[in-house]
Amino acid sequence: MSYNTAVSHLLHFDARLYPKADPSTTLLQGTVDIDQGESIAILGPSGSGKSLLSQALAGRLPATIGVEGSIQRAAPVTLIQQQCRTALNPLVRIGKQLSFGAVCAHDLLERVGLRPTSRFMQAYPGELSGGQLQRAAIAMALGTQAQVLIADESTTALDAITQAEVVAALQQAQTLVFISHDIALAASICEHALEIRSGEIVADSTMASYVELQCNH
Ligand SMILES: Nc1ncnc2c1ncn2[C@@H]1O[C@H](COP(=O)(O)OP(=O)(O)OP(=O)(O)O)[C@@H](O)[C@H]1O
């Protein structure tokens, strides 16, 4: 895949997304720029367009979605989707799936807190809990050395301790796009906030100003 290194932002979205079966319907419209080293939370209610934006930024939109406008990436992006089980081959041991040449699989497992690493090297994805699977998928993403990690609801339905471990794993990313319903959690991770409502970007600011605005509402 080639990347547009001429663009000034690492990721640039200035587009309208629509279902190809009904082009007059707008699913998501707006402008989003993400820079190197940024941590940005994409917030908003269910069905607002968070996953579509994450898929668009990662270049992974479903074939049924049309794009009017421009979406540019200046670097590789890894998307960890809500159903992270699909990121891993069920028939291959985790250790083998984390073999990326220069990067040591043990180090990757260590970085995401999957210890003892020797046990997880030998495990198949079906033998892992939901939180462990999330961390294995993050380890895969870190192993690809993609500059941008987009995590779509990676901490949903996890207990507090596991959630903290998954968050610590996500914070290893150089540039992080964190999709969540949970403002408090997002505020503890990200410096920037973007809110989508009914396919429209209604807030784009620092996390501190966003949280202040929410508190004053
Ligand atoms: N492949 C698709 N074809 C047509 N419409 C779609 C498709 N994927 C999503 N949509 C629609 O786009 C809108 C935004 O969906 P999206 O999955 O981005 O929401 P979301 O904010 O991520 O929601 P949730 O928090 O529930 O995951 C919804 O109305 C959804 O029905």
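The protein chain carries the name Oligopeptide transport ATP-binding protein OppD in an unreviewed UniProt entry, which gives Corynebacterium pseudopelargi as its organism. Recorded in UniProt for the protein chain, the comment headed Sequence similarities (unreviewed entry) runs: "Belongs to the ABC transporter superfamily." In the Subcellular location (unreviewed entry) part of its UniProt record, the protein chain is described as follows: "Cell membrane".

A.B. asks: Whenever I open this one, the pattern of salt bridges confuses me. Can you help?
C.D. replies: Pairing is possible between side chains of opposite charge, provided their charged atoms come close. The full count for this structure, using the stated rule, is 4 salt bridges. Taking the shortest distance from any N to any O, the salt bridge between Arg115 and Glu110 comes out at 2.6 Å. With a shortest N-O distance of 2.4 Å, Glu195 and Arg197 are connected by a salt bridge. With relative accessibility at 45%, the residue Arg197 sits in the partly exposed group.

A.B. asks: Please clarify how the side chain of Glu195 should be interpreted in this entry.
C.D. replies: Topologically, Glu195 is positioned in strand S8 (residues 192–197). At 2.4 Å, the side chain of Glu195 forms a polar contact with the side chain of Arg197. Ignoring any residue separated from it by four or fewer positions in sequence, one finds Glu195 in contact with Leu43, Gly44, Glu200, Ile201, Val202, Ala203, Tyr210 and Gln214.

A.B. asks: I'm lost on the state of the cysteines in this one. Help?
C.D. replies: Among covalent bonds in proteins, the disulfide is the one between the sulfur atoms of two cysteines. One pass over the structure, following the stated rule, counts 0 disulfides. Residue Cys190 stays outside any disulfide, its sulfur separated by 17 Å from that of Cys215, the closest cysteine. Given the relative accessible area of 62%, Cys215 is considered exposed.

A.B. asks: Looking at this model, I keep getting lost on the nonpolar core. Mind explaining?
C.D. replies: Soluble globular proteins tend to bury their nonpolar side chains together. By size, the foremost hydrophobic cluster in this structure holds 42 residues, and its most contacted members are Leu98, Ile138, Leu149, Leu170 and Phe178. In terms of residues, this core owes the most to one element, helix H5 (residues 130–143), which gives 8 residues. Setting aside chain neighbours within four positions, we find Phe178 in contact with Ile40, Ala41, Ile42, Ala151, Thr155, Leu170, Leu185, Ala186, Ile189 and Cys190. By size, the runner-up hydrophobic cluster in this structure holds 27 residues, among which are Leu17, Ala75, Leu79 and Ile150.

A.B. asks: How should I be thinking about H5 in this particular structure?
C.D. replies: Every α-helical turn comprises 3.6 residues, leaving residues that sit three or four positions apart pointing alike. Over its 14 residues, H5 runs 20 Å from end to end, which matches the ideal 20 Å to within 8%, given 1.5 Å per residue. In terms of burial, H5 is a largely internal element, 13 of the 14 residues being buried. Positive backbone phi, approximately 55°, marks Gln145, located one or two places after H5.

A.B. asks: I would appreciate a short explanation of the packing of H5 against helix H6 (residues 160–170) in the present structure.
C.D. replies: Packed helix pairs are characterised by how far apart their axes lie and by the angle those axes make with each other. Here H5 crosses H6 at 5°, and the two axes come no closer than 10 Å. Taken as axis vectors, H5 and H6 run roughly parallel relative to one another. Where H5 approaches H6, its residues Gly131, Gln134, Arg135, Ile138 and Leu142 are matched on the opposing element by Thr162, Glu165, Val166, Ala169 and Leu170. Looking at the contact of H5 with H6, its residues break down into 5 nonpolar, 3 polar and 2 charged.

A.B. asks: Just checking my understanding: could you explain the site of the ligand for this structure?
C.D. replies: The local shell around the ligand holds 15 residues, among which Ser46, Gly47, Lys50, Ser51 and Leu52 are the closest. Contact distances for the ligand include 2.8 Å between an oxygen atom and a side-chain N or O atom of Lys50. Ranked by residues supplied to the shell around the ligand, first place goes to helix H1 (residues 50–58) with 3 residues. Looking at the shell around the ligand, its residues break down into 5 nonpolar, 8 polar and 2 charged.

Criteria and cut-off values
Residues numbered from 1 in each chain as written. Predicted model: local features only at pLDDT ≥ 70, side-chain atom pairs only at ≥ 80, totals over all residues. Heavy atoms only, no water. UniProt positions renumbered as here; feature names shortened; annotations may be inferred. Salt bridge = Lys/Arg side-chain N within 4 Å of Asp/Glu carboxyl O. Buried < 20%, exposed > 50% of the residue type's maximum accessible area, 1.4 Å probe, protein only. Helix = DSSP H or I, 4+ residues; strand = E, 2+ residues; numbered from the N terminus. Polar contact = N/O pair within 3.5 Å; in protein donor to acceptor, adjacent residues only side chain to side chain. Contact = heavy atoms within 4.5 Å. Disulfide = S-S within 2.5 Å. Core = buried A, V, L, I, M, F, W, Y, C linked by side-chain atoms within 4.5 Å. Expected span 1.5 Å × (residues − 1). Axes fitted to C-alpha atoms, helices over the stretch in contact; angles between N-to-C directions. Parallel < 35°, antiparallel > 145°, perpendicular 65-115°, else oblique. Nonpolar A, V, L, I, M, F, W, Y, C, P; charged D, E, K, R; others polar. Near = heavy atom within 4 Å.

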